[in-house]
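Chain and residue survey
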Amino acid sequence: IKNIGVLTSGGDSPGMNAAIRSVVRTSLYYDIQVTGIMRGFEGLIGEEFIPMNRKSVANIIQRGGTILKTARSDAFYTKEGRQKAYDNLKKNGIDALVVIGGEGTFTGANIFGKEFDIPVIGMPGTIDNDLIGTDFTIGYDTAINTVIDAVDKIRDTAESHDRLFIVEVMGKDSGLIALRSGIGVGAEAILIPESRTDVDQLFKRLASGRKDKASKIIIVAEGDEIGGFEITELIKEKFPNYDTRLSILGHIQRGGRPSCMDRVLASRLGVAAVEALLNGQKNMMVGLVNHNIHYTPFYNAVKHLSEADPRLLKIVNILSL
Ligand code: F6P
């Protein structure tokens, strides 16, 4: 391998810059050239390539977002788009790819890697933590810390006004941001798509909750079947005496300086991604499972996680009383 192309694609996540830095510096360490591809698969098709050196990734480990920018590309889902992408890689002497992203990125990479003779390795970059084959994705730790920072602040005002707050968090169709951050903020209840929300049960819990407790926080994953708006309306109707508010955290969850955990994860996986290519691997996502580097074929990495960890769910039930 002489020249590795690196791109970030899909929703950005804190730690993507640390991941790019690791891929660039590891490639240079092994005397391989690196080319940055702007705007994900869009830039691959549009030939938006920039040569990278040690300096291009200086002073970025601490920055949120991605210096290579990102996009969701419809064109890459067409045969012509992928052919153009391949032709551009050949033309520029790029003979391997590292793609940093989530489900959509790996689905595209899987098709591409099978159609053409370009080895592709993926690094899990998404706040959602919804990939199989890694305990944590790059960005998840920062995102859940952003959520607990925000909800701690909401708790202050909830406590002062004796209010019930419903806080909706991101995660697409996964409840993993909600579950972990919900435990972290001591939420009274957590609503996630992986477990069916029994509204009557929730009402019972709210009604039988400690009367001396001034504030209540319910964390709802955006992918939950009921969702923030609806559950707020139902609670308002059932408990007209509660002072109830809805807060949707939105895109602040995607920004900010990456946590140390995300920087280290990104750094480790970047080294592993380049070394995987050197060892002849392709169509795999590199992840960390039980502290060890783990390779998962793209098609398995994107399989849907339908169950949340029952041990965490149990903790919510015990501690939220
Ligand atoms: O996949 C990351 C994510 O932030 C999800 O949690 C969320 O559903 C989605 O992206 C939002 O996408 P967009 O930035 O396109 O609104």
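Residues numbered from 1 in each chain as written. Predicted model: local features only at pLDDT ≥ 70, side-chain atom pairs only at ≥ 80, totals over all residues. Heavy atoms only, no water.

With that settled, the discussion passes to the packing of helix H5 (residues 140–161) against helix H6 (residues 176–185). It is at 9 Å that the axes of H5 and H6 come closest, and there the two elements cross at 45°. Considering the angle they form, H5 stands oblique to H6. Remark: the crossing between H5 and H6 carries right-handed chirality. Residues Tyr-140, Ile-144, Val-147, Ile-148, Val-151, Asp-152 and Arg-155 of H5 form the contact with H6, whose own contacting residues are Leu-176, Ile-177, Arg-180, Ser-181, Gly-184 and Val-185. Taken together, the residues of the contact of H5 with H6 sort by class into 8 nonpolar, 2 polar and 3 charged. (Axes fitted to C-alpha atoms, helices over the stretch in contact; angles between N-to-C directions. Helix = DSSP H or I, 4+ residues; strand = E, 2+ residues; numbered from the N terminus. Parallel < 35°, antiparallel > 145°, perpendicular 65-115°, else oblique. Left-handed = near helix turned anticlockwise from the far one by under 90°. Contact = heavy atoms within 4.5 Å. Nonpolar A, V, L, I, M, F, W, Y, C, P; charged D, E, K, R; others polar.)

What follows covers the site of the ligand. Lining the immediate surroundings of the ligand are Arg-72, Ile-127, Asp-128, Met-170, Gly-171, Lys-172, Glu-222, His-251 and Arg-254. One of the side-chain N or O atoms of Arg-72 is found 2.6 Å from an oxygen atom in the ligand. Here the ligand has 400 Å² of accessible area as a free molecule, and 74% of this is covered by the chains. (Near = heavy atom within 4 Å. Polar contact = N/O pair within 3.5 Å; in protein donor to acceptor, adjacent residues only side chain to side chain. Areas by Shrake-Rupley, 256 points an atom, 1.4 Å probe, with all protein chains shown as cover.)

If you look at the biggest cluster of nonpolar residues, it comprises 32 residues, and the most contacted ones within it are Val-98, Ile-100, Met-123 and Val-286. The set of elements that each furnish at least two residues to this core consists of strand E1 (3–8), helix H1 (16–29), strand E4 (96–101), strand E5 (120–124), helix H9 (260–278) and strand E10 (284–289). Formed by 28 residues, the second largest nonpolar core is a distinct cluster that contains Tyr-140, Val-169, Ile-217 and Leu-249. (Core = buried A, V, L, I, M, F, W, Y, C linked by side-chain atoms within 4.5 Å. Buried < 20%, exposed > 50% of the residue type's maximum accessible area, 1.4 Å probe, protein only.)

Moving on, we come to the sheet that holds strand E11 (residues 292–297). Overall, mixed pairing links the 7 strands, which are arranged E3-E2-E1-E4-E5-E10-E11 in an open sheet. Of all strands in the sheet, those with a lone pairing partner are strand E3 (49–52) and E11, marking the two edges. Neighbour-to-neighbour, the strand axes of this sheet turn through a mean angle of 30°, independent of strand direction. Across the sheet, H1 touches E1, strand E2 (33–37), E3, E4 and E5, and the angle it forms with E4 is around 160°. (Pairing = 2+ DSSP bridges.)

Turning next to the packing of aromatic side chains. With the rule as written, the count across this model stands at 9 aromatic pairs. Relative to Phe-116, the ring of Phe-112 has its centre 5.2 Å away and its plane inclined at 50°; by these criteria the two rings are tilted. The buried category is assigned to Phe-116, whose relative accessible area is 11%. A centroid spacing of 4.7 Å and a plane angle of 10° characterise the contact between Phe-239 and Tyr-242, whose relative ring orientation is stacked. Look at Phe-239 and you get buried, because its relative accessible area is 9%. For Tyr-242, a relative accessible area of 24% corresponds to the partly exposed category. Members of the aromatic cluster, connected to one another through ring pairs, are Phe-41, Phe-76, Tyr-86, Phe-112 and Phe-116. (Phe/Tyr/Trp six-rings, centres within 6.5 Å; stacked < 30°, edge-to-face > 60°.)

So, about the UniProt feature "binding site: ATP" (unreviewed entry) in the chain. Annotation from UniProt places "binding site: ATP" (unreviewed entry) at Gly-11, Arg-72, Ser-73, Gly-102, Glu-103, Gly-104 and Thr-105. Separation in sequence by 95 residues is not matched in space for these annotated residues, since their most distant C-alpha atoms are only 13.2 Å apart. Along the chain, Ser-73 turns up in the loop between E3 and helix H3 (79–91). Here Ser-73 falls in the buried class, since its relative accessible area comes to 8%. In this structure Ser-73 touches Phe-41, Glu-42 and Ile-45, once residues within four positions along its chain are discounted. (UniProt positions renumbered as here; feature names shortened; annotations may be inferred.)

Right, let's get into the environment of Pro-240. Along the polypeptide, Pro-240 turns up in the loop between helix H8 (227–238) and strand E9 (243–248). With relative accessibility at 65%, the residue Pro-240 sits in the exposed group. The spatial distance from the C-alpha of Pro-240 to the C-alpha of Gly-102 is 42 Å, given a sequence separation of 138 residues.

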